[in-house]
Structure formats: C-alpha cells, structure tokens
Amino acid sequence: MHCFEIRTANVDYLVGAEGPAGAPPPPHSGVGAYLARPWATALRHALLPVTKQEAPPEGAAAGAAAGAGGDADGAGGAGGAAGEGGAPGGEGRRPEMAQVYQIFPDEVLGSGQFGIVYGGIHRRTQRPVAIKVIDKLRFPTKQEAQLKNEVGILQNLSHPGVVDLERMFETPERVFVVMEKLRGDMLEMILAHEGGRLSERTTKFLVAQILVALKHLHSRNIVHCDLKPENVLLSSHDTFPQVKLCDFGFARIIGERSFRRSVVGTPAYLAPEVLRNKGYNRSLDMWSVGVIVYVALSGTFPFNEDEDIADQIQNAAFMYPPQPWKHISAEAIDLINNLLQVKQRKRLSVDKSVAHAWLQTGQAWADLRALEARVGRRYLTHPSDDQRWAAAE
C-alpha cells in the first residue's frame, strides 16, 4: 500500500508506503501515506495548467486581502481567508493559492517567527513573489495567531519602507502569505562586506531609511518590537539599495503614552525594559536601532557574548574597543549612546534620531535623493532641505 508513484526510466518510487500494521510511524520517519498526501496535493497543484481565468479581477483581489486581515490580533483573518484556499468546487469560489501562484520549495528565502519563506511566481504574469508558509499541524496556535497579527498590520500599511503584502490564503492545514520579493537583508550585506562591517556612509543610508519607516509605523501607533538586520530587507544588491522592514509577527499597537508587558523580540536586540518585564512603549524600537547601528559599523554586538547578555543590556554595559571604533566618527558613537539608554525617557525618539548630526550631512542627503529618483517617489527627504544641502555641495 502506498499513496502515489513516481516513475523514472530506471526506477519506480512508491511514495508513502505504509509501515507495519498498528500505530502510524512518527513524522520524522518519512513512512506512511498520511505524510505523502500533502506532497501528492502539491505536485498536482504544481502541474496545473496556466489559464487566463485563474487570476481574479482587481476588485476580488482587494476584497480577498481585506478579508484576510481582520483585527490586529488576527481573529478576523481566519474567516475572511478560509474561502481562498479551501476545497475547490462550487460557483463563486475564489481560486486556490496554487492556481494563482507557484511555490519553489527549493528556493528558501528565509524563516520568520513561524514558518518558512519561499520564492515563487504569479503564474499568469510570471512576477516573482515571496510566500510565507505556516504549517498548522507543526506550529502552535499561538504562532498561527502571530502570523495573522502580521497580516492584519501589514494590510493596513502602505509605505515604501514596509514590505508589501499581496494576498493571504488559508487551508485547513496551512496559511500562505504572499509578499513582494526582495533581494536580501541587511545582515547578509554586513557579512558580505570587507571586515564584516559597513562604512559609515552606507550605514547612514540604511539607517535613515529604517527611521523613516519607523516614523510612519509610530505615527500609526505600531511598534515593530523585533527590529534586527535580518528584518531589514533590501530591494537589490546595489551599494545603496532601498530598504523595507518585514516580519511584523511581534508588532504591537501601542499608543503614545501606553505600555505593554508581553515578552517580544530577539534577545540580543531587546531593550532593558522588556527583559525586566517593566512595560515597554515605542522607544523599544529605538533601542533596537541603536544595536543595529553598532552592529553595522563594527560587525559585532555591543555586548560581550561570553557573559550574561541580559545583565549587560540592563546595565547598558557596552564597549567601544579601539578596533574598529577609533576609525569611527564621534557623531556615530553619540547617536548610539543616545539610543542605548536604559531609561526610556532619555532614549532618542525617532524624530530626534532623524535630526541627529550624524545623519544630517550633505552626502547623506544626496544619497537619499538619488534613491528617491530611482524609486520615483519622494519619501525620505523634504523639499525644505533642498536649498540648504544644494548650497553645501
């Protein structure tokens, strides 16, 4: 007994062959028809013919996206999206995910708080996309809720500095989130550079974009809560690429004077108040920006990894060893010092960070204007600065 066969010129593979009678074998054994059925379904979907009727009209796509989002906690997402990926059949059914998009399972782009992100294409237009997949059978309900939280937040955001969410599909076994495909992340860029660190000019360029995206988020009372180089995506492999923030699974809606207490984020980038369970607000993101600047310029964390990181973070016990910090400007170190403040009220806000002397230079302005020209949209600089910096050139 087996689920299906794959026949080659020399060998026939019986996939999903059953083991001895009795209890089903464990999932990691690879034995059993119940493990092969999802593969059979995936293969059938991958072999579907491309038809002109497979893509819904623009209005339907917009409606599908709106249904998938729901409330910020994701509670409304399941109902709206379930029809998209459910069993086929019946008039008025929206197309299944596999009819509209093709996933490339051997092209793993990364992994988030839950599930894996694969490369894929829109079948009709051949447009590249990134598809985040969560297997409901493998991941706890809490992580599924985080994914829907991310979808709910992204569907209400539209900004050049935030990754675009295209569609969401849900089946009884999986949730699929389709997003724009980018070319890499900031961590990859840091590691690829000589010495494993970035120049001040490049770091300014990337950090300025991160801050503009954060300013938009904070204006909407959204706190990312998990900022780190892996969640800063790059649109190209250029020296000066466009930046987009991603992975909003931990994001929270927090008002200007509000605090939250649930544990969020990645330890090495976490602010002291989260580790102390003292309650946090939007300044949590600003601490993470300080760590990102430090890591980008030095290629190391501001804390000694051989000692208790939590203790060092709570005491802001970070160091500037001569190599490489003697080659880095005092303005850069001043910005880091003002972001890595244990007391939240002393930490720079996003507006004050944007206005910091390290970022306010003619070269930084010119680099950002060049990117705006390539993107075809002005969102990083303000016309009021044009005369000031043009005169300085």
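Residues numbered from 1 in each chain as written. Predicted model: local features only at pLDDT ≥ 70, side-chain atom pairs only at ≥ 80, totals over all residues. Heavy atoms only, no water.

Engineer: Outline the environment of L182, listing residues and values.
Structural biologist: Among the secondary structure elements, L182 is positioned in the loop between β7 (174-180) and β8 (184-185). Put simply, L182 and A130 are 52 residues apart on the chain and 7.9 Å apart in space, counted from C-alpha to C-alpha. What L182 contacts, discounting residues up to four positions off in sequence, is V163, L233, L234, S235 and K244. (Helix = DSSP H or I, 4+ residues; strand = E, 2+ residues; numbered from the N terminus. Contact = heavy atoms within 4.5 Å.)

Engineer: So what's going on with helix α7 (residues 200-219)? Which residues, and what values?
Structural biologist: Think of an α-helix as 3.6 residues a turn; residues three or four steps apart then line up on the same face. For α7, built from 20 residues, the straight-helix expectation of 28 Å at 1.5 Å per residue is met to within 8% by its first-to-last C-alpha distance of 28 Å. Count one or two residues on from α7 and you reach N221, which has phi positive near 65°. (Expected span 1.5 Å × (residues − 1).)

Engineer: Go over the packing of helix α9 (residues 283-298) against helix α12 (residues 330-339) with me, naming the residues and quoting the values.
Structural biologist: Look at α9 against α12: their axes get within 8 Å of each other, and the N-to-C directions meet at 145°. Considering how the two elements wind past one another, α9 and α12 form a crossing that is left-handed. Contacts between α9 and α12 involve M286, W287, V289, G290, V293, Y294 and L297 on the former and, on the latter, A332, I336 and L339. (Axes fitted to C-alpha atoms, helices over the stretch in contact; angles between N-to-C directions. Left-handed = near helix turned anticlockwise from the far one by under 90°.)

Engineer: So what's going on with the pattern of salt bridges? Which residues, and what values?
Structural biologist: Working definition: two side chains of opposite charge can pair if their charged atoms are close together. Counted according to the given criterion, the structure contains 13 salt bridges. For K181, the salt bridge identified is with E107, shortest N-O distance 2.5 Å. Taken together, the residues K181 in the loop between β7 and β8 and E107 in strand β3 (residues 101-111) connect sequence positions 74 residues apart. Take K181: its relative accessible area is 21%, and that puts it in the partly exposed class. Between R127 and E166 there is a salt bridge; the shortest N-O distance is 2.7 Å. Remark: E166 occurs in strand β6 (residues 165-170) and R127 occurs in the loop between β4 (116-122) and β5 (128-135); sequence separation between them is 39 residues. The exposure class assigned to R127 is partly exposed, which follows from its relative accessible area of 33%. Classification of E166 by relative accessible area gives partly exposed; the value is 25%. In the salt-bridge network here, residues are joined through shared partners; they are R369, E372, R378 and D386. (Salt bridge = Lys/Arg side-chain N within 4 Å of Asp/Glu carboxyl O. Buried < 20%, exposed > 50% of the residue type's maximum accessible area, 1.4 Å probe, protein only.)

Engineer: Give a description of the nonpolar core that names residues and reports values.
Structural biologist: Counting residues in each nonpolar core, the largest one holds 79 residues, and the members touching the most others are M186, I210, L214, L245, F248 and V289. Ranked by residues supplied to this core, first place goes to α9 with 11 residues. Not counting chain neighbours up to four residues away, the residues in contact with L245 comprise G161, V162, V163, I210, A213, L214, L217, L227, N231 and V232. (Core = buried A, V, L, I, M, F, W, Y, C linked by side-chain atoms within 4.5 Å.)

Engineer: For the sheet that holds strand β11 (residues 243-245), give the residues involved together with the corresponding values.
Structural biologist: Strand order in the open sheet made by the three strands is β8-β10-β11, with antiparallel pairing throughout. Each edge of the open sheet carries a strand with a single partner, namely β8 and β11. Direction of pairing for β8 relative to strand β10 (residues 232-234): antiparallel, over a ladder of two bridges. Counterpart to G184 in the pairing with β10 is L234. Across the sheet, α7 is in contact with β10 and β11; its angle to β11 comes to roughly 40°. (Pairing = 2+ DSSP bridges.)

Engineer: Any details on the confidence of the model for the protein? Residues and values, ideally.
Structural biologist: Low pLDDT marks stretches whose predicted atomic positions should not be read closely. A residue-level look at the protein finds 78% of positions with pLDDT of 70 or above and a mean pLDDT of 81. Low confidence marks residues 51-92, where pLDDT is under 50. Its contacts with residues over four positions away, or in another chain, come to 73 contacts. (pLDDT = per-residue confidence, 0-100.)

Engineer: Tell me what's going on with the sheet that holds β7, and back it up with residues and numbers.
Structural biologist: Here we have five strands laid out as an open sheet, ordered β3-β4-β5-β7-β6, and antiparallel in their pairing. The open sheet has two free edges, formed respectively by β3 and β6, since each of these has just one partner strand. Each adjacent strand pair in this sheet contributes to an overall mean axis angle of 30°, direction not counted. The pairing of β5 with β7 spans seven bridges and is antiparallel. Each bridged residue has a counterpart across the sheet, and for V133 the counterpart in β7 is F176.

Engineer: Tell me about the packing of aromatic side chains, and name the residues and values.
Structural biologist: One pass over the structure, following the stated rule, counts six aromatic pairs. Ring centres 5.5 Å apart and planes at 70° place the aromatic pair Y269 and F301 in the edge-to-face group. Placement of Y269 in the loop between β12 (252-253) and α8 (272-275) and of F301 in the loop between α9 and α10 (309-314) is noted, with a sequence separation of 32 residues between them. Ring-pair connections join several aromatic residues into one group, and the members of that group are Y294, Y320 and W325. (Phe/Tyr/Trp six-rings, centres within 6.5 Å; stacked < 30°, edge-to-face > 60°.)

Engineer: Describe the packing of α7 against α9, listing the residues and the values that go with them.
Structural biologist: It is the contact of α7 with α9, at a shortest axis distance of 10 Å, that shows an interaxial angle of 165°. The angle between the axes of α7 and α9 places the two elements in the roughly antiparallel class. Helix-helix and strand crossings are classified by hand; for α7 and α9 the assignment is right-handed. Residue-level inspection shows E200, T203, V207, I210, L211, L214 and H218 of α7 in contact with α9, the latter providing D285, M286, V289, I292, V293, A296 and L297. Considering only residue class, the contact of α7 with α9 consists of 10 nonpolar, two polar and two charged. (Parallel < 35°, antiparallel > 145°, perpendicular 65-115°, else oblique. Nonpolar A, V, L, I, M, F, W, Y, C, P; charged D, E, K, R; others polar.)

Engineer: Describe unusual backbone geometry, with residues and values.
Structural biologist: A cis amide bond links Q323 with the next residue in sequence, P324, at an omega value of 15°. Examined against the element boundaries, P324 turns out to sit in helix α11 (residues 322-325). For N221, which is not a glycine, the phi torsion comes out positive at approximately 65°. Looking at the secondary structure, you find N221 in the loop between α7 and β9 (222-223).

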